[in-house]
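# Descriptive structure summary
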Amino acid sequence: MDGKKHKMISQGSVATLLVGLIVVLGILACALSPIFVLKTVNIQGNRFVQDEDIIRIAGIRLGENLFQLQTDEIKRSLTKDLRIEQAVVQRSFPSQLDISISERIPLAMIKCDYGYLELGKGGIVLDAHRTLRDMPVPMISGAGVADLFVGDVVDDEQVGKVLSFLDAVGENTVKSLSEINITNPEDVMIYAGSVQIRLGALDRLDSKIEVTKSVISELQQTKHPIAYVDARFDVYSVRLRQ
C-alpha cells in the first residue's frame, strides 16, 4: 500500500514538474519571439512634453521584447520628471506600449541669471531655457530670480500671487495672455497681445479673476479694438482705441 502511495506521489510530482517546465518554456518562447517585439509607442495626454522626450525619459527602445519591459520601472522613470505628474504604462499585445500621462501645467515664464525658467503651480521650476523659443505661457516681467534650477521653488511673495492668479483663471485664459508686469506690486498689469488689463494690487482676486476671464472672452468676439481695461475697482471700465 505504501509502495503504491509512493508511486502515485512520484507520478504526481513528475506531472507537476512537466507542467511547470511547459509553462517556463512557453514564457521563454514568448520572451524570445519576434512577434512580441516593441514596434509602436502610443503616447496620450501630453501637450507640453514632446513624444521623443517621453520615450527618452522612459528609457525604452523600439525592438525590445514587450515581455522584458518593466512597466513599473518605466512609470517611476517618467514621474521623476517634474513636468509629469502621473503616468500609466501598459503593454498592448502583440507589439505596442501604451503610455498615458498627466502633466504639471506650466503657468508662466520668468527671467533668471542664465536664461528663463518655466514655473508651475506653487512656484516649482518645471523647466529651464537659455533662450526664449515658443512661449505657450505669459512672461512675468518686472522681476527676476537667480540660482534656481529645475525642481527648485521660487520663494517670492509677488510671483507666488501671480501664479495663484494664473492657476485660478484657468488654462484657456492663460494661453491668451502674453505678459504680467509686476514692477509695481500696487499696479500690476497684464497683457493679452496689445490689450492692457490694469489689475492694481493682487487683492480681491475673486472679482479680478472673473473680470480677466470676461475680458479675454470679449476680446475673442468684439469687433471694436480695445486699448485697455481698468479692473482696479469694483466695477471695471473698458477704453476703446481711437
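Structure report, in brief. (Residues numbered from 1 in each chain as written. Predicted model: local features only at pLDDT ≥ 70, side-chain atom pairs only at ≥ 80, totals over all residues. Heavy atoms only, no water.)

### Things to note about the overall build of the protein
On a plain count of helices and strands, the protein comes out with six helices and twelve strands. Each of the 242 residues in the protein was classed as buried or not, and the buried ones make up 37%. Restricting to contacts in the protein with at least 6 residues of sequence separation, those with at least 24 account for 53%. (Helix = DSSP H or I, 4+ residues; strand = E, 2+ residues; numbered from the N terminus. Buried < 20%, exposed > 50% of the residue type's maximum accessible area, 1.4 Å probe, protein only. Contact = heavy atoms within 4.5 Å.)

### Digging into helix H3 (residues 71–79)
Residues three or four positions apart in an α-helix share a direction because the helix packs 3.6 residues into each turn. If you check which residues of H3 are buried, you get Thr71, Ile74 and Leu78. Take H3 and look down its axis: the buried residues cluster within an arc of 60°, on one side only. Against the buried residues of H3 lie helix H2 (51–58), strand E2 (84–92) and strand E3 (96–103). (Arc of directions from axis to C-beta.)

### Considerations on the pairing of strand E1 (residues 40–44)
Taking every second residue as pointing to the same face, the buried face of E1 carries Val41 and Ile43, while none of Thr40, Asn42 and Gln44 on the other face is buried. With five bridges joining them, E1 and E3 adopt parallel strand pairing. Directly across from Asn42, in E3, lies its bridge partner Asp98. (Pairing = 2+ DSSP bridges.)

### Brief notes about the layout of surface pockets
The probe, sized like a water molecule, is rolled over the atoms to show the empty space still left. Computed from the structure, the largest pocket encloses a volume of approximately 400 Å³. Surrounding the largest pocket, 17 residues form its lining, Phe48, Glu118, Asp127, His129 and Arg133 being those nearest its centre. For the lining of the largest pocket, a count of residues per class yields seven nonpolar, three polar and seven charged. Here the second largest pocket defines a volume of roughly 210 Å³. Contributing to the lining of the second largest pocket are 13 residues, with Arg104, Ile105, Leu107, Lys121 and Asp167 lying nearest its centre. Looking at the lining of the second largest pocket, the elements that each hand over two or more residues are helix H4 (157–169) and helix H5 (171–174). For the lining of the second largest pocket, the per-class residue count stands at six nonpolar, one polar and six charged. (1 Å grid on protein atoms, 1.4 Å probe; cavity = no way out; pocket = protein on both sides within 12 Å on 5 of 7 lines; lining within 4 Å. Points joined across faces, edges and corners; volume = space filled by probe spheres on them. Nonpolar A, V, L, I, M, F, W, Y, C, P; charged D, E, K, R; others polar.)

### Some remarks on helix H6 (residues 205–219)
Along its 15 residues, H6 runs 21 Å from first to last C-alpha, staying within 8% of the 21 Å computed at 1.5 Å per residue. Lys208, Ile209, Val211, Thr212, Val215 and Ile216 are the residues of H6 that are buried. Buried residues of H6 fall within an arc of 165° about the axis and therefore sit on the same side. Where H6 is buried, its residues meet H4, H5, strand E9 (188–192), strand E10 (195–200) and strand E11 (226–230). (Expected span 1.5 Å × (residues − 1).)

### With respect to the sheet that holds E3
Here three strands make up an open sheet; going across it, the order is E1-E3-E2 and the pairing mixed. Among the strands making up the open sheet, the edge pair consists of E1 and E2. The average undirected angle you get between the axes of adjacent strands in this sheet is 20°. The pairing of E2 with E3 spans eight bridges and is antiparallel. Bridge pairing in E3 places Ser92 opposite Gln96. Helix-sheet contacts for H2 involve E1 and E3, and the interaxial angle to E1 is about 115°. (Axes fitted to C-alpha atoms, helices over the stretch in contact; angles between N-to-C directions.)

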